[in-house]
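Structural characterization, general
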Amino acid sequence: MHIPFDNSYAALPDAFYTRQNPTPVKEPQLIGFNEDLAQLLGIEVDDLEQAAQVFAGNLVPDNAAPLAQLYAGHQFGNYNPQLGDGRAILLGEVIDTKGTRRDIQLKGSGPTPYSRMGDGRAWLGPVLREYVVSEAMHALGIPTTRALAAVTTGEPIFREQGALPGAILTRVARSHLRVGTFQVFAHRGEIEHLKTLTQYAIDRHYPNADGPMGLLRAVCAAQADLIAAWMSVGFIHGVMNTDNCSIAGETIDYGPCAFMDAFHSGRVFSSIDQQGRYAFGNQPNIAVWNMAQLATSLLQQMDEKETAVEEATEIVHAMPTQIEAAWLRRFAPKVGISNPQPDDVELIENLLNLMQADGADFTNTFRALATSDVQDQFTDRAAVNAWAMIWKQRIAHEPDPTACMNTANPAIIPRNHRIEQIIDAAVANDLAPFERLTKALSQPFKETDAELNRPPTQSEIVPATFCGT
Ligand code: AMP
Ligand code: MG
């Protein structure tokens, strides 16, 4: 197996990471391998047995520079001065066949100096969840880390539920730089490191950005687009802590995340989110809050403090408007509007309000707009009919609303109950449901396997998702 490593993070100061090899496991078995992604990365695999050894951390490939990254972060609003990769190891980076630098990281690969009380491991459930959901997100056209491989380790993992099968995910990211990576140096007052990190992030992700404030502007724009994209598919991240907020603007750290079935803007899945801090409709506010933390950190290195504070404030304060604009860009095509006007916000919000009042299915309601049966998604048909009359007038002069809607409204999303089912099956050594779901989700705008997109029956509903550590 050949991975064309070209490592840059390992050349940064020692304070940024700890060199750490993965801890070998007993009996690696490759259960998922993303050939398309491997190809994009220029990775050649001729021996799947050997690939399993690499993706399990038993075999460190040539030219890898394994390390655990240091970071900090606000978790549910409280600052934790030291987090870091507690169960992940960066093998290194490759420049993909399109010229983009990408991290290759093992997640669940054993303890690191940042593991605190954790075992450095993951069990099969969250590994499959992240594999399925991150690849679905990619297919939906939403920036995300990706899944290259999943292996089982042949070792049990002990969690609240008891002994569970251990697994490792190989994750690919534009980088693993987080808001928390900046916070750790800013809070410690390590200004030289903060400056080095800022320049590294600019060079790697936003080469046109002008200094720390230029970087802030670019990250705010990327996060605004990302949050709007999540909302447009009914996605709830679940743990938008600053350590789970990517500088590259990718969806990262899939934990207790979920796609909504019945729409409600207050929806929360994560069992640990008791206050609803990361509820569906609060995600824009939290993105702004996270960017304010990034701004605070970046400012520590500025000489002209007063003017810089003013500029940073202006940038962060502009973000809600940016999110609203991105929201309209994402939602307008969902109702067949290719050239949105400010008035369209109300039209779309009225539909969402009807959906919320009725408990209508988010994905299926939007998808049904392109056919004639959207009323079937509601119990209060009169209300939705009244809305549809106004809506039809609005789209009467659109060039091709049906095509527009069918490329914006997925026919399938990874529903929670399906994910639970593939995990249960995989624990019982049946990978067929995982493979079937992965395949259907790779073409989410096509009706290839309608049964997989059926909303849950009463007994299938998964009310909460767990942290998955
Ligand atoms: P997360 O909630 O997955 O973003 O993780 C928050 C922090 O806890 C990160 O620093 C993780 O590396 C660490 N962590 C989570 N699970 C484990 C584990 N099983 N062993 C060690 N560290 C962990
Ligand atoms: Mg995390």
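Residues numbered from 1 in each chain as written. Chains lettered and ligands numbered in written order. Predicted model: local features only at pLDDT ≥ 70, side-chain atom pairs only at ≥ 80, totals over all residues. Heavy atoms only, no water.

**As for the coordination of the magnesium ion (ligand 2)**
Looking at the metal site, the magnesium ion (ligand 2) is ligated by Asn-244 (OD1) and Asp-253 (OD), spaced 1.9 to 2.2 Å from it. Of the two residues, Asn-244 and Asp-253, neither departs from the other in class, the shared state being buried. (Donors = N, O, S within 2.8 Å, 3.2 Å for Na, K, Ca; no water. Buried < 20%, exposed > 50% of the residue type's maximum accessible area, 1.4 Å probe, protein only.)

**Remarks on the domain arrangement of the chain**
According to the domain assignment, the chain consists of domain 1 (9–173), domain 2 (179–321) and domain 3 (330–408). Taking only C-alpha atoms, the centre of domain 1 and the centre of domain 2 are 22 Å apart. Contacts between the two partners involve 34 residues from domain 1 and, on the opposite side, 36 residues from domain 2. Of the roughly 3,000 Å² buried between domain 1 and domain 2, counting both surfaces, carbon and sulfur atoms make up 64%. Of all residues in domain 1, the largest losses of buried area upon contact with domain 2 belong to Phe-16, His-74 and Phe-76, amounting jointly to 23% of the total for that side. At the junction of domain 1 with domain 2, the criterion picks out three salt bridges. Notably, a salt bridge pairs Asp-253 with Arg-171, separated by 2.7 Å at the nearest N-O pair. In this assembly, domain 1 and domain 2 are joined by 11 residue pairs in polar contact (both at pLDDT 80 or more). The set of elements that each furnish at least two residues to the side of domain 1 that touches domain 2 consists of strand 4 (73–75), strand 7 (101–107), helix 3 (124–139) and strand 10 (162–173). Here the side of domain 1 that touches domain 2 gets five residues from one element, more than from any other, and that element is helix 3. Of the residues contributing to the side of domain 1 that touches domain 2, the split by class is 18 nonpolar, eight polar and eight charged. (Domains from an automatic or database assignment. Contact = heavy atoms within 4.5 Å. Buried area = accessible area lost by both parts, 1.4 Å probe. Salt bridge = Lys/Arg side-chain N within 4 Å of Asp/Glu carboxyl O. Polar contact = N/O pair within 3.5 Å; in protein donor to acceptor, adjacent residues only side chain to side chain. Helix = DSSP H or I, 4+ residues; strand = E, 2+ residues; numbered from the N terminus. Nonpolar A, V, L, I, M, F, W, Y, C, P; charged D, E, K, R; others polar.)

**Quick look at the environment of Glu-160**
Mapped onto the elements, Glu-160 comes out in the loop between strand 9 (146–159) and strand 10. In the structure, Glu-160 is positioned 95 residues away from Gly-255 in sequence and 16 Å away in space, judged by C-alpha atoms.

**Regarding unusual backbone geometry**
The phi torsion at Phe-76 lies on the positive side, around 50°, for a residue other than glycine. Counting through the fold element by element, Phe-76 comes out in the loop between strand 4 and strand 5 (78–80). Using a relative accessible area of 26% as the deciding quantity, one classes Phe-76 as partly exposed. With a phi close to 70°, Asn-429 is a non-glycine residue in the positive phi region. With respect to the secondary-structure elements, Asn-429 resides in the loop between helix 14 (416–427) and helix 15 (432–441). Among the residues examined, Asn-429 registers a relative accessible area of 72% and is labelled exposed.

**Observations concerning the site of ligand 1**
Taken together, 17 residues lie near ligand 1, and Gly-84, Gly-86, Arg-87, Arg-116 and Gly-120 sit nearest. One of the side-chain N or O atoms of Arg-87 is found 2.7 Å from an oxygen atom in ligand 1. Between ligand 1 and the protein, one listed contact pairs a nitrogen atom with a side-chain N or O atom of Asp-119 at 3.0 Å. Considered on its own, ligand 1 offers 480 Å² of accessible surface; in the complex 87% of this is hidden by protein. Residue composition of the shell around ligand 1, grouped by class: two nonpolar, seven polar and eight charged. Among the domains, domain 1 (9–173) and domain 2 (179–321) are the pair contributing at least three residues each to the shell around ligand 1. (Near = heavy atom within 4 Å. Areas by Shrake-Rupley, 256 points an atom, 1.4 Å probe, with all protein chains shown as cover.)

**Considerations on the packing of helix 5 (residues 191–205) against helix 6 (residues 211–232)**
Running from N to C, helix 5 and helix 6 point in directions that differ by 50°, and their axes come no closer than 10 Å. Comparing their axes, helix 6 and helix 5 come out oblique. Taken as a pair, helix 5 and helix 6 cross one another with a handedness that is left-handed. Contacts between helix 5 and helix 6 involve Thr-198, Ala-201 and Ile-202 on the former and, on the latter, Gly-211, Pro-212 and Leu-215. Of the residues in the contact of helix 5 with helix 6, the class split is four nonpolar, two polar and no charged. (Axes fitted to C-alpha atoms, helices over the stretch in contact; angles between N-to-C directions. Parallel < 35°, antiparallel > 145°, perpendicular 65-115°, else oblique. Left-handed = near helix turned anticlockwise from the far one by under 90°.)

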